[in-house]
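Listed below, chain by chain, are the residues.
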Amino acid sequence: MHSFKFGGGLIAAALAAVTLAGSLPARAEYPEKPVEMTVLFGGTANTTAQLLAELMSRELGSPVVPVARTGGGGAIGYAHVQSTRPDGYNIVWNSNSINTTYHLGNLPFNYEEFAPIAQVSVEIPVLAVNVSTGWKSLDEMAKAVKEGGKKINVGISGKGSFTHLTSAALFDAMGIADQVNYVSYGDGKAPVELLAGRIDAAIQWPGQFLSYVQSGDLTVLGSTGAEPVSVLPDVKTAKSQGYDIDISMWRGLAAPKGTPDDVLAKLEAAAKAAAESDEFIAASKNIGFEPAFKSRAEFGEIIARDDKFYAELLGELGMTK
């Protein structure tokens, strides 16, 4: 049997190592540096993202920095965030676009490549026309278009965009889908195009039309969500007008798949505090969205459910790839 003896120098070195380890500071808690929030779109999506980032920064004690990565219906931004390390320092301000962009064939991966953090808000599309049309309801518009015998020009953000899909679903329900010619315009241009008479109707977010409705230049004929829009409370939903449509845009936050659970929990808590703050609620009335916080578990269910819905809708429209 062999016996081993340690010299005094080795023992001293071992004790020094233990002492040093005990004196080392613990790993700093997340977040140790700024969190980058990829923003996929301009308009109200960007405006809301800027406010959300500011409010979340206060909660996290570290900056949340919005970075615009637009293009491809969200594909450019999603591809960037999906390729980053799942450490909580790259998140995306996402929407139903994760579903539509994938099923349109513009993304090689679907929502399952992301871990949901929280739903934050909902935007309900509304249909607006120039007040000169004299139309006051969806029925009046449908009747006029059918009797007119010619196609109308409808503005959309782009082929396959959320406004395009919502328009197609609504006009199909109204029975005038074959009398619609879609015209793409830049972000935020719907009111200008309507006032100039270059398009006959447009579906967009309430905030884009609000001031023009208040000035008496545009008329909003209906909204497509289950509930009325808070900033336009007198506008009836399509469903209440007899058309079976329930489409709204959720917005929230997601991180790359594999992001640690404790990091997701911190981001979720910060998003909740921001979404339920007086400042965020007050801003919603000016910007034109509905605060609608949902936990990451609930949000994950919503995304999965919507993925099936948009796969079916795009299939019916012949737009899947």
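Data block above holds the structure.
None of the values given here were measured: they were computed from a predicted structure. (Residues numbered from 1 in each chain as written. Predicted model: local features only at pLDDT ≥ 70, side-chain atom pairs only at ≥ 80, totals over all residues. Heavy atoms only, no water.)

Q: Looking at this structure, how should I read the overall build of the protein?
A: When helices and strands are counted, the protein shows 11 helices and 11 strands. Whereas a compact globule of 321 residues would reach a radius of gyration of roughly 20 Å, the protein reaches 25 Å, over 25% beyond that. Projecting the C-alpha coordinates of the protein onto the three principal axes gives extents of approximately 105 × 40 × 30 Å. Residues classed as buried in the protein amount to 50% of the 321 residues present. The long-range share in the protein, meaning contacts at least 24 apart out of those at least 6 apart in sequence, stands at 76%. Accessible surface for the protein amounts to roughly 15100 Å². Of this, 53% is attributable to carbon and sulfur atoms. Taken together, the 26 basic and 35 acidic charged side chains of the protein have centroids lying 4 Å from each other. (Helix = DSSP H or I, 4+ residues; strand = E, 2+ residues; numbered from the N terminus. Rg over C-alpha atoms; globule rule 2.2 N^0.38 Å. Buried < 20%, exposed > 50% of the residue type's maximum accessible area, 1.4 Å probe, protein only. Contact = heavy atoms within 4.5 Å. Areas by Shrake-Rupley, 256 points an atom, 1.4 Å probe, with all protein chains shown as cover. Lys, Arg positive; Asp, Glu negative; His and termini not counted. Charge placed at Lys NZ, Arg CZ, Asp CG, Glu CD.)

Q: Just checking my understanding: could you explain helix α5 (residues 138-148) for this structure?
A: Helical geometry: 3.6 residues make up each α-helical turn, so side chains three or four residues apart lie on a common side. Among all positions of α5, only Leu138, Met141, Ala142 and Val145 are buried. Across the axial projection of α5, the buried residues extend over an arc of 95 degrees, all falling on one side. Opposite the buried face of α5, at more than 90 degrees from it, the exposed residues are Lys143 and Glu147. For α5, the elements touching its buried residues are β5 (126-130), β6 (152-156), α6 (162-174), β8 (201-204) and β9 (218-223). (Arc of directions from axis to C-beta.)

Q: I'm lost on the pattern of salt bridges in this one. Help?
A: Pairing of side chains with opposite charge becomes possible as their charged atoms draw close. Under the definition given, this model contains 11 salt bridges. Between Lys266 and Glu29 there is a salt bridge, with the nearest N and O atoms lying 3.1 Å from each other. Here the residue Lys266 occupies a position in helix α9 (residues 261-275), and Glu29 occupies one in the loop between α1 (8-23) and β1 (35-39), the gap between them amounting to 237 residues. The partly exposed category is assigned to Lys266, whose relative accessible area is 31%. The exposure class assigned to Glu29 is exposed, which follows from its relative accessible area of 61%. (Salt bridge = Lys/Arg side-chain N within 4 Å of Asp/Glu carboxyl O.)

Q: What am I meant to see in the packing of helix α2 (residues 43-60) against helix α10 (residues 278-287) here?
A: Packed helix pairs are specified by the crossing angle of their axes together with the interaxial distance, meaning the distance between the axes. Between α2 and α10, the shortest axis-to-axis distance is 11 Å and the interhelical angle comes to 170 degrees. Taken together, α2 and α10 sit at an angle that is classed as roughly antiparallel. Contact residues: Thr44, Thr47, Thr48, Leu51, Leu52, Glu54, Leu55 and Arg58 in α2; Glu279, Phe280, Ala283 and Ile287 in α10. Tallied by class, residues from the contact of α2 with α10 come to 6 nonpolar, 3 polar and 3 charged. (Axes fitted to C-alpha atoms, helices over the stretch in contact; angles between N-to-C directions. Parallel < 35°, antiparallel > 145°, perpendicular 65-115°, else oblique. Nonpolar A, V, L, I, M, F, W, Y, C, P; charged D, E, K, R; others polar.)

Q: I keep staring at the nonpolar core and nothing clicks. Help me out?
A: It is characteristic of soluble globular proteins that their nonpolar side chains tend to be buried jointly. Counting residues in hydrophobic clusters, the biggest one holds 34 residues, and the most contacted among them are Met37, Leu52, Met56, Trp93 and Leu253. The set of elements that each furnish at least two residues to this core consists of β1, α2, β3 (90-95), β4 (114-123), β10 (249-256), α9 and α10. Those residues in contact with Met56 that sit more than four places away from it in its chain are Met37, Val64, Leu253, Leu267, Ala270, Ala271 and Ala274. Counting 32 residues, the second-largest nonpolar core is a separate cluster that includes Val81, Ile98, Leu210 and Val229. (Core = buried A, V, L, I, M, F, W, Y, C linked by side-chain atoms within 4.5 Å.)

Q: In this structure, what is going on with the sheet that holds β8? I would like to understand it.
A: Note on sheets: strands pair through backbone hydrogen bonds, and any given pair is parallel or antiparallel. Overall, mixed pairing links the 5 strands, which are arranged β7-β6-β8-β5-β9 in an open sheet. Edge positions in the sheet fall to β7 (180-184) and β9, since each has one partner strand and no second. The average undirected angle you get between the axes of adjacent strands in this sheet is 30 degrees. In terms of strand pairing, β5 meets β9 through 5 bridges, oriented antiparallel. Its bridge partner lying in β9, Val129 is registered against Thr219. Taken strand by strand, helix α8 (residues 206-214) contacts β5, β8 and β9, and its axis lies near 140 degrees from that of β9. (Pairing = 2+ DSSP bridges.)

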